[in-house]
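Secondary and tertiary structure notes
Listed below, chain by chain, are the residues.
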Amino acid sequence: MPGNPDSITRYGAGEVSPDPFVRGYEYLQAVRQLALDPKMVEVPDNPRLITWVGNHIDAINAQLHGSLEACHGCFHAEVRRQVRILATPLAPEFGIDGCCNIWRNPVAILIDVGRTAPADWLRVVVHEYAHAHLCSPGHDRRFFEVICHLCLGLGLEPPQRQSEMETYLRYWPQVSCRINPLAFWMGYS
Ligand SMILES: [Zn+2]
């Protein structure tokens, strides 16, 4: 995918393999290095999934990149952070749709696009983007302000003030989760 900075071609060692399984495997290995904890991106022993990643990841990442650009569009260029966004299956025990590694430069956002319907991907990106923008993992008043700004800019429902703000913001914007995220990653949905 020419011009896409998150293309897998940036990650493989040397030439991009013509074998989708090899491309998928190398991609997932590379993404592991960007996770807060490598265990978040366990490379599954599942040839169907790995091959599916090799065949489809560039198109999915291009879509996530579009959402990232939409978030960037809500801020003046001089306050935008350098952010990289990549799709990956995330280990179910962590129970998250996305994570933001603020300790990386550029900040790395990883999104498990199998956990939500494509219509919700932007919402997941918005949440992680707010962490990236603030360079903070917290769900505090500053996070509330940034999420409000992004939601209003992108036509999503903004959060309301609550007593249990932290817990509420942890799951904002709201998304509906799929029962079996791996089905998506194996091309079944
Ligand atoms: Zn969060």
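Note that the structure is predicted; figures quoted are calculated from it, not measured. (Residues numbered from 1 in each chain as written. Predicted model: local features only at pLDDT ≥ 70, side-chain atom pairs only at ≥ 80, totals over all residues.)

**Quick notes on the overall build of the protein chain**
Per the secondary structure count, the protein chain includes 6 helices and 3 strands. The order of helices and strands in the protein chain, counted from the N terminus, is α-α-β-β-β-α-α-α-α. Relative to the 2.2 N^0.38 estimate, which gives 16 Å for 189 residues, the radius of gyration of the protein chain is 16 Å and therefore close to what a compact globule would have. Taken over the C-alpha atoms alone, the protein chain extends approximately 50 × 35 × 25 Å along its principal axes. (Helix = DSSP H or I, 4+ residues; strand = E, 2+ residues; numbered from the N terminus. Rg over C-alpha atoms; globule rule 2.2 N^0.38 Å.)

**Looking at helix α4 (residues 141-154)**
Its 14 residues place the ends of α4 20 Å apart at the C-alpha level, agreeing with the 20 Å of an ideal helix rising 1.5 Å per residue. Looking only at α4, the buried set comprises Phe143, Phe144, Val146, Ile147 and Leu150. Buried residues in α4 make contact with α2 (47-72), α3 (121-134) and α5 (165-170). Looking at the residues trailing α4, positive phi occurs at Gly155, about 75 degrees. (Expected span 1.5 Å × (residues − 1). Buried ≥ 20, exposed ≤ 12 C-beta atoms within 10 Å, placed from the backbone. Contact = placed C-beta atoms within 7 Å.)

**With respect to the sheet that holds strand β1 (residues 83-87)**
Strand pairs in the sheet, formed through backbone hydrogen bonds, run parallel or antiparallel to each other. The sheet built from 3 strands is open, its strands ordered β1-β3-β2 with mixed pairing. Among the strands making up the open sheet, the edge pair consists of β1 and β2 (98-101). Each strand of the sheet is rotated relative to its neighbour by a mean of 15 degrees, with strand direction disregarded. Both β1 and strand β3 (residues 107-111) contribute to a ladder of 5 bridges, which runs parallel. Considered in β3, the bridge of Ala87 is made with Ile111. (Pairing = 2+ DSSP bridges. Axes fitted to C-alpha atoms, helices over the stretch in contact; angles between N-to-C directions.)

**Regarding unusual backbone geometry**
Cis geometry marks the peptide bond from Asn105 to Pro106, where omega comes out at 0 degrees. Residue Pro173 follows Trp172 across a cis peptide bond; omega there is -5 degrees. Note that Pro173 resides in the loop between α5 and α6 (181-185). One non-glycine residue, Cys135, lies in the positive phi region at around 55 degrees. For Cys135, the location among the structural elements is in the loop between α3 and α4.

**Notes on the confidence of the model for the protein chain**
The share of residues in the protein chain with pLDDT of 70 or more is 93%, and the mean pLDDT across the chain is 91. Within the model, pLDDT remains below 50 along residues 1-6, and this stretch shows 12 contacts once partners closer than five positions in the same chain are excluded. (pLDDT = per-residue confidence, 0-100.)

**Some remarks on the packing of helix α1 (residues 20-32) against α2**
A pair of packed helices is captured by two measures, namely the crossing angle of their axes and the spacing between those axes. It is at 7 Å that the axes of α1 and α2 come closest, and there the two elements cross at 90 degrees. By the angle class used here, α1 and α2 are roughly perpendicular. Contacts from Pro20, Phe21, Arg23, Gly24, Tyr25, Tyr27 and Leu28 in α1 reach Pro47, Ile50, Thr51, Val53, Gly54, Asn55 and Ile57 in α2. Taken together, the residues of the contact of α1 with α2 break down into 9 nonpolar, 4 polar and 1 charged. (Parallel < 35°, antiparallel > 145°, perpendicular 65-115°, else oblique. Nonpolar A, V, L, I, M, F, W, Y, C, P; charged D, E, K, R; others polar.)

**Some details on α1**
Here α1 spans 18 Å end to end across 13 residues, near enough to the 18 Å set by a 1.5 Å rise per residue. Listing the buried residues of α1 in full gives Arg23, Gly24, Glu26, Tyr27, Leu28 and Val31. Lining the buried residues of α1 we find α2, β1 and β3.

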